[in-house]
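Here's the letter readout for the chains.
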Amino acid sequence: KAGVTQTPRYLIKTRGQQVTLSCSPISGHRSVSWYQQTPGQGLQFLFEYFSETQRNKGNFPGRFSGRQFSNSRSEMNVSTLELGDSALYLCASSSGPQETQYFGPGTRLLVL
Amino acid sequence: QKEVEQDPGPLSVPEGAIVSLNCTYSNSAFQYFMWYRQYSRKGPELLMYTYSSGNKEDGRFTAQVDKSSKYISLFIRDSQPSDSATYLCAMSAGVQGGSEKLVFGKGTKLTVNP
């Protein structure tokens, strides 16, 4: 079974721009969670989607948004990028809440 | 106080050593405890999953949970250079409102020297 895939793997943007990151979960998995990882804050939960519905949201500003499609693929969007948004963005999929989460390799975003 | 505290290290040990990694937490509602391993430029991979208190062993890895002390540990026996990675503890209170939110420690960077 193919693992979680994330595109793009690397991205460079400038302040004020917006960015969209994509995540394809493991086949059959309907739950997708997004995390931001930085050296200072570690791994922080952004949001979780299950069957196209956002089930939970972390403590991030409204500039961070996401969605899930009927095929369980998910996208997250960050608008009006700030320098502090530079991070590794990780997507994890599971067959459902409380099931093991499998992480993708992440998208490394650099904001200049 | 952060919900989950983990010493970031770095921790450097010789090959064959026993490694002890630890996390403390403040939220008494946590009942699911996990250890993830993250190699450089990769996403985290699940190593151990424990429910409530007690020990769990898998090969060279042993996970311990002490809910009374709000303290969890991961022991690695006969450590190998391939164990060099960042180890992250994670925990959750289980499914609430139909979803589960994992809270992670910041990770401990481990290097096992040949």
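Details of the structure are given in the entry above.
These figures come from a predicted structure and were not determined experimentally.

*Asks:* How do you make sense of the nonpolar core when you look at a structure like this?
*Replies:* Considering soluble globular proteins, one finds that nonpolar side chains tend to be buried as a cluster. Within the largest apolar cluster, 26 residues are counted, with the highest numbers of intra-cluster contacts made by V4, F30, W35, I72, L74, Y87 and M91 of chain B. Those elements that place two or more of their residues in this core are β3 (19-25), β4 (32-38), β5 (45-51), β7 (61-66), β8 (71-76), β9 (85-92) and β11 (108-113) of chain B. Residues L21, W34, V78 and C91 of chain A belong to the second largest nonpolar core, which totals 21 residues.

*Asks:* I would appreciate a short explanation of the pairing of β4 of chain B in the present structure.
*Replies:* When a strand is regular, its side chains alternate between the sheet's two faces. Residue and element names in this part refer to chain B. Most of β4 is tucked away, with seven of its seven residues classed as buried. Side chains Y32, M34, Y36 and Q38 of β4 all project onto a buried face; the interleaved residues F33, W35 and R37 project onto the opposite face, where all are buried too. Summarising the sheet, β4 and β5 pair through six bridges and their orientation is antiparallel. Bridge assignment links Y36 to a residue of β5, and that residue is L46.

*Asks:* What is the right way to look at the packing of aromatic side chains in this model?
*Replies:* Working definition: an aromatic ring pair is given by the centre-to-centre distance plus the angle between the planes. All told, the structure shown has 12 aromatic pairs over all chains when counted by the stated rule. Consider the rings of Y32 of chain B and Y49 of chain B, whose centres lie 6.2 Å apart with planes at 45 degrees: the pair is tilted. With Y32 of chain B in strand β4 and Y49 of chain B in strand β5, this pair connects stretches of sequence that are 17 residues apart. The class for Y32 of chain B is buried, based on a relative accessible area of 11%. Considering the side-chain rings of Y36 of chain B and F104 of chain B, the 5.6 Å spacing of their centres and the 50 degrees angle between planes classify their relative orientation as tilted. Taken together, the residues Y36 of chain B in strand β4 and F104 of chain B in strand β10 (residues 103-104) connect sequence positions 68 residues apart. Y36 of chain B gets classed as buried once you look at its relative accessible area, which sits at 1%. Taking the relative accessible area as the measure of exposure, F104 of chain B reaches 7% and is therefore buried. Grouped by ring-pair contacts, the aromatic residues Y35, F45 and F103 of chain A together with Y36 and F104 of chain B constitute a single cluster.

Reading the values: rules and limits
Sequence order as written defines residue numbering, which begins from 1 separately in each chain. Chains and ligands are labelled sequentially in the order written, the chains with letters from A and the ligands with numbers from 1. Residues qualify for local features only when their pLDDT is at least 70, as the model is predicted, and side-chain atom pairs are given and counted only at 80 or more; totals for whole chains, interfaces and linings, by contrast, use all residues. Calculated side-chain values reflect all of the structure's heavy atoms, with hydrogen atoms and water omitted. What makes a nonpolar core is a set of buried Ala, Val, Leu, Ile, Met, Phe, Trp, Tyr and Cys residues whose side-chain atoms join them at distances within 4.5 Å. Burial classes follow relative accessibility: with a 1.4 Å probe on protein chains only, a residue under 20% of its type's maximum area counts as buried, one over 50% as exposed, and anything between as partly exposed. Strands are runs of DSSP state E lasting at least two residues, helices are runs of H or I lasting at least four, and both sets are numbered from the N terminus onward. A pair of strands is treated as paired once DSSP finds two or more bridges between them. Paired rings are identified among Phe, Tyr and Trp, the last through its six-membered ring, by centres lying within 6.5 Å, and are further divided according to the angle between planes into stacked (under 30 degrees), edge-to-face (over 60) and tilted (the rest).

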